[in-house]
Amino acid sequence: MTKFGLAQPVRRVEDPRLLKGAGRYTDDITLPGTLYGVVLRSPHAAAKINAIDTDSAKAVSGVRAIYTGADINADGIGGLPCAIPLKNRDGTDRAAPPHPVLADGAVRHVGDPVAFIVAESMKAARDGAEAVMVDYDIQPAITDLSSAANEGAPLVWPDIPKNICFDWEIGDKQNTDALFARAAHVTQVRVVNNRIIVSSMEARAALADYDAGSGRWTLYTNTQGGWVLKTLLGQAVFHTDPENFRVVTPDVGGGFGMKLFLYAEHVLTCYASRKLGAPVKWVSERSEAFLADTHGRDHVTLVELATDKDGKFLALRTHDTANMGAYLSTYAPLIPTIAGTGVLGGVYWFQSIHAHVIGVFTNTVPVDAYRGAGRPESNYMVERVIDSAARDLRIDRAELRRRNVIPPSAMPHRTPVGKLYDSGDFATVLDAACRHMDWAGFPARRAEAKRRGKLRGIGMAYYLEATGGGPTERAEIRFAEDGFVDVYVGTQSTGQGHETAYVQLTADRLGVDGEKIRIRQGDTDTIPEGGGTGGARSLYSEGQAILLTAASVIEKGKKAASEALEASPADIAFDSGRFSIVGTDRSIDILTLAAGQRRRAAEGQAVTILDTAEVASIDAHTFPNGCHIAEVEVDPETGTIEIVRYSVTDDVGKVVNPMIVCGQVHGGVAQGIGQAVLEHTVYDRDSGQLVSGTFMDYALPRAADLPDIEVELIEVPCGTNPLGVKGAGEAGAVGSPPAVMNAIIDALHEEGVTQLDMPATPEAVWRALGAAEELTHVLG
C-alpha cells in the first residue's frame, strides 16, 4: 500500500481504523472513579456578581464539590495567560487585562465561566449547576466591533480607554503616503471579515487525573499539540514545574486553530482532580461550544490601493479594526498583526505598504486563530480592492493582476513588510488557472445565463500564505520488539492525514514497507518536545525532522552493520532498506539488523542500537500560493446563489501525496465558501446575547451548497527545505472567500451593486439588488 513512497496518491493509512469506529477520542476515555464536571456560564454579556449561593446545589444528590472564583483565588491558581507580547505604535505595551479561570466579581460575555460543579454523574452535575443561584447586576454591554472604540461606548474593562487593546503598525508610513499623494488613481474599499464559529466535528473535552504520590497530573484532552498547554499550566497557572504535567492527546476530530489554546476547562479539571483526589472529566455540549470555544476572524478594514497611469501598483494602505472579544486568548494579538500583515503584499510588487491595526475588546467570546490565522483576512482585503480597482480602471481583472505579479527572476524577493519569498512563478499559475476555467470565454456563459433570467459572475483571487510555527521540530525513530518501526513526532494530527505522509517519508528514506511503520504522537512524556500543529507547518517542519533522524539512523546502521557483518564501516553502503558490504553479495536488511542489535544488547554485548532522536532547526517558513476562480449564478428574484464551478490552481511546492493535498484544499474551500455565503455570527446589540447560538441559526455548508472543486497542482519547489514542500493545510480557506465574493459582485455589478460584505446570504443579495434599483430610480 505505502511501498510506492513519495509523490504517490497513497490512501490514508489512518482511515480504516477511524472508519471502522476504532478511533479513540478524549470522550472515549474514562478512568476508574471518574467524576464529571459542568461549567455554569454567565447568561449576561456584562454584569457584576453580587453573590453566588451554592448551598442548594451542594445538597443535590451526587454533587461532590462546587468551585467559584473565590476558591480559585484562595488556592493561588493563576489566570489564563496570553502568550503574545506586543508594542503599540508609541512604544508602550498592549493592554493586559486578567483572564480569570472563573469569573472574579464580574462577567464579560455570555458564556463566561462562573462556577464549576463536580459530581458522581453528568446528570448530577447538571442538576447541581441548575441549583446554583447567582445574583447579577446587569451592566451595559458592547458587542458591535464598528462602534466599540467610539467615545461613550460601554467599557469592557474600566481601566482600558475606548476598549483599545493595542494600536499597532507595520511598514513605511511616510513613503506609503508619498506614493499615494502622487498616484494616478486610488481605490478605497471597506470590507468586513465576518466572525466565524469554528464548529469542529469533535467538541472539546478534558479528563484530568492527579497523582498525589508523584505530584503529577495526566491531562487527556483534544489539542493541536500538548506542549504549549504543559508549559502554560505549569508556569502560569499552577506555578509548578511543567514536568509535573503529562498531556495526552488521543485522536482529534478537527481543530482549525481553535484547539491550540489553553482553556478554563483544562485548568478546572486539573484543579478539581487535585482537590478531590479523583479523575475529573468535562465534555463540551454543542451549544456550549458556541459560547466557550474561541471564535475566528471578525475584522472591519479600510483598504486603499494606489496605482500609476498604467495600472501598476504603487502602494497599499490598510486600517484594520480587529475584535479580541472580552479577553485575550493564547495567541490573539498575534493574528491580526504579525501573522496577518506578513502576507499583505501577496504575490504583487508593491513599492511600499503601511498597515495600521487596532485591537478592540468587546463583550463577546474571545477571538483567536482560525484556519489561516490572519492570512485569510489580509488576502481577502487585498483581492477585494484589486477587483474594485480593475473596474475603476476598466482593466480586465486577470490582466491587472498579471501586470503586477512578482516575476520568478526577482526571487528571492523581500516584501515591504519584511517577508522573504524564496520561490514562486505566479504568472504561470495565474495563466494556468485562467486557461483551466476558460476565463476568456466567460462573456458567452454570462449571456447564456442572462437568457435564462440569471445573473452570472466570475471571480478570482490569487492568494499567498506564509506558514508559521516554532523554530524547531523533533522526531524519534525506534525499532520496536514486534518488528515495527515507530516514529515519534512533535506535531498533532487533527484529521489532516499526517500519519500517511510521515509513513511515506520514512518508508522512502529507510526502505521499510509502509505497513511496518507506525506513527506515534500526542504524549508529552514519550515525546519531550514538539511544536504542535498550526500554521500549515507540519509536513515541512516534521518532515525535516524525520529526514534528519532517518539520516542518523542510517549512519548508526552502517556502524551496526559493520559489527554484524564483520566489516569496516567505510565499506558499508545502504540502499533500499539493506546494508551491504561494497563489492560483495553480503547484506542485511534494516529490520533484521535492528532486531539483532537489540537482542545482542539485551545479552550484555556492547553494540550500536539504531534508535535515534533528532531536533531539526526550522530556519525558514514557506509561501504556498495559488489562484482560485469561482463562477456563480444569482437568481435576482430571490437572491439565491449557486456556485456553478470552482477551480484551484495551487503551488504547494513538491507534493508528497496529491490525494491528501487535494483533500486539504477541498476542506479549506468548503470552510471559505461557508464564510462567504452562509456563516453569520450575530450578537444582539442590546442584550449581548449570541443570537446565532445553535445550528438552527448558524448555517454551516452542506454537500448541496458546494460545487465540485477542481484542483490543479503546479510544482514550484521551495528552496528553504530539503523536501521542497510548502504548507498546504490552510491554503483552501485563504483563497476561497475573496474568489466567491468577487464572483458575486461581478454578477451583480451590472445591476448597480458594487459592494457587498460576507456572508452574501440570499437576503443580503436580494436587499442589495433592491437598494441598487431604488438608487437608480432616484438618480433618474
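A brief report on the enclosed structure follows. Here the structure is a predicted model, which is why all the values come from computation and not from measurement.

## Let's talk about the layout of surface pockets
Right, so step 1: Of the pockets and cavities examined, the second largest pocket occupies roughly 690 Å³.
Right, so step 2: The wall of the second largest pocket is formed by 25 residues, among which Asp 144, Val 192, Asp 298, His 680 and Thr 681 lie closest to the centre.
Right, so step 3: Going through the elements one at a time, β8 (185-193) and β15 (299-307) are the ones with two or more residues in the lining of the second largest pocket.
Right, so step 4: Per-class residue counts for the lining of the second largest pocket are nine nonpolar, 10 polar and six charged.

## Description of the side chain of Asn 222
Right, so step 1: Among the secondary structure elements, Asn 222 is positioned in the loop between β11 (216-221) and α6 (226-237).
Right, so step 2: Among the residues examined, Asn 222 registers a relative accessible area of 3% and is labelled buried.
Right, so step 3: In this structure the side chain of Asn 222 is engaged in a polar contact, spanning 3.1 Å, whose partner is the backbone nitrogen of Ala 205.

## Thoughts on the sheet that holds strand β24 (residues 572-575)
Right, so step 1: Strand order in this open sheet of three strands is β24-β25-β26, and the pairing throughout is antiparallel. For this open sheet the edge positions go to β24 and β26 (587-589), each flanked by a neighbour on one side alone. Within the sheet, the average angular offset between the axes of one strand and its neighbour, ignoring direction, is 20 degrees.
Right, so step 2: Strand direction decides the pairing type here: β24 and strand β25 (residues 578-581), joined by four bridges, are antiparallel. From the neighbouring strand, Asp 575 faces β25, where its bridge partner is Arg 578.

## As for helix α13 (residues 442-451)
Right, so step 1: Turning to α13, its buried residues are Phe 442, Arg 445, Arg 446 and Ala 449. Each buried residue of α13 sits inside an arc of 100 degrees when the element is viewed along its axis, so together they form one side. Away from the buried face of α13 by more than 90 degrees, exposed residues Pro 443, Ala 444, Lys 450 and Arg 451 are located.
Right, so step 2: Looking at the buried residues of α13, the elements they touch are β20 (455-464), β28 (625-634) and α18 (731-748).

## Here's the deal with a nonpolar patch on the surface
Right, so step 1: Together, Leu 775, Val 778 and Leu 779 give the surface a local cluster of nonpolar side chains, amounting to about 340 Å² of exposed area.
Right, so step 2: Tracing the chain through its elements places Leu 775 in helix α19 (residues 762-779).

## Considering the pairing of β11
On any regular strand, side chains alternate: one points to one face of the sheet, the next to the other face.
Right, so step 1: Counting buried residues in β11 gives five out of six residues, a clear majority hidden from the surface.
Right, so step 2: Here strand β10 (residues 205-211) pairs with β11 via six bridges, running antiparallel. Across the sheet, the residue bridging to Tyr 210 is Trp 217, located in β11.
Right, so step 3: In textbook terms, the turn of a hairpin is the stretch between consecutive antiparallel strands, and for β10 and β11 this stretch comprises four residues, one of which, Gly 215, has a positive phi near 70 degrees.
Right, so step 4: Pairing of β11 with strand β12 (residues 245-248) involves four bridges; the strand directions are parallel. Pairing of Leu 219 across the sheet is with Val 247, part of β12.

## Some thoughts on the packing of aromatic side chains
Right, so step 1: Tallied over the full model, the rule gives 15 aromatic pairs.
Right, so step 2: Each ring, one from Trp 217 and one from Phe 245, has its centre 4.4 Å from the other, and the planes form 0 degrees; the classification is stacked. Pair noted here: Trp 217 is in strand β11 and Phe 245 is in strand β12, with a separation of 28 residues, a long-range link.
Right, so step 3: Trp 217 sits in the buried class, given a relative accessible area of 2%.
Right, so step 4: Classification of Phe 245 by relative accessible area gives buried; the value is 0%.
Right, so step 5: Here the aromatic residues Tyr 210, Trp 217, Phe 238 and Phe 245 are joined through ring pairs into a cluster of three or more.
Right, so step 6: A cation over an aromatic ring shows up here: Arg 478 above the ring of Tyr 488, its NZ or CZ 4.1 Å from the ring centre.
Right, so step 7: Over the face of the ring belonging to Phe 484 we find Lys 516, whose NZ or CZ atom lies 4.3 Å from the ring centre.

## A word on unusual backbone geometry
Right, so step 1: The peptide bond linking Met 411 to Pro 412 adopts the cis configuration, its omega dihedral lying at -5 degrees.
Right, so step 2: Tracing the sequence through the fold places Pro 412 in the loop between α11 (397-404) and β18 (413-414).
Right, so step 3: Residue Pro 759 is reached from Met 758 by a cis peptide bond, and omega for that bond is -5 degrees.
Right, so step 4: Looking at where Pro 759 falls in the secondary structure, it is placed in the loop between α18 and α19.
Right, so step 5: A positive phi is found at His 239, a non-glycine position, where the angle reads about 55 degrees.
Right, so step 6: Locating His 239 in the fold gives a position in the loop between α6 and β12.
Right, so step 7: Positioned with a positive phi, Asp 298 is a non-glycine residue whose angle comes to about 70 degrees.

Definitions and limits used
Residues numbered from 1 in each chain as written. Predicted model: local features only at pLDDT ≥ 70, side-chain atom pairs only at ≥ 80, totals over all residues. Heavy atoms only, no water. 1 Å grid on protein atoms, 1.4 Å probe; cavity = no way out; pocket = protein on both sides within 12 Å on 5 of 7 lines; lining within 4 Å. Points joined across faces, edges and corners; volume = space filled by probe spheres on them. Helix = DSSP H or I, 4+ residues; strand = E, 2+ residues; numbered from the N terminus. Nonpolar A, V, L, I, M, F, W, Y, C, P; charged D, E, K, R; others polar. Buried < 20%, exposed > 50% of the residue type's maximum accessible area, 1.4 Å probe, protein only. Polar contact = N/O pair within 3.5 Å; in protein donor to acceptor, adjacent residues only side chain to side chain. Pairing = 2+ DSSP bridges. Axes fitted to C-alpha atoms, helices over the stretch in contact; angles between N-to-C directions. Arc of directions from axis to C-beta. Contact = heavy atoms within 4.5 Å. Patch = residues over 30% accessible without salt bridge, like charges linked within 9 Å, V, L, I, M, F, W, Y side chains within 5 Å. Areas by Shrake-Rupley, 256 points an atom, 1.4 Å probe, with all protein chains shown as cover. Salt bridge = Lys/Arg side-chain N within 4 Å of Asp/Glu carboxyl O. Phe/Tyr/Trp six-rings, centres within 6.5 Å; stacked < 30°, edge-to-face > 60°. Lys NZ or Arg CZ within 6 Å of the ring centre and 35° of its normal.

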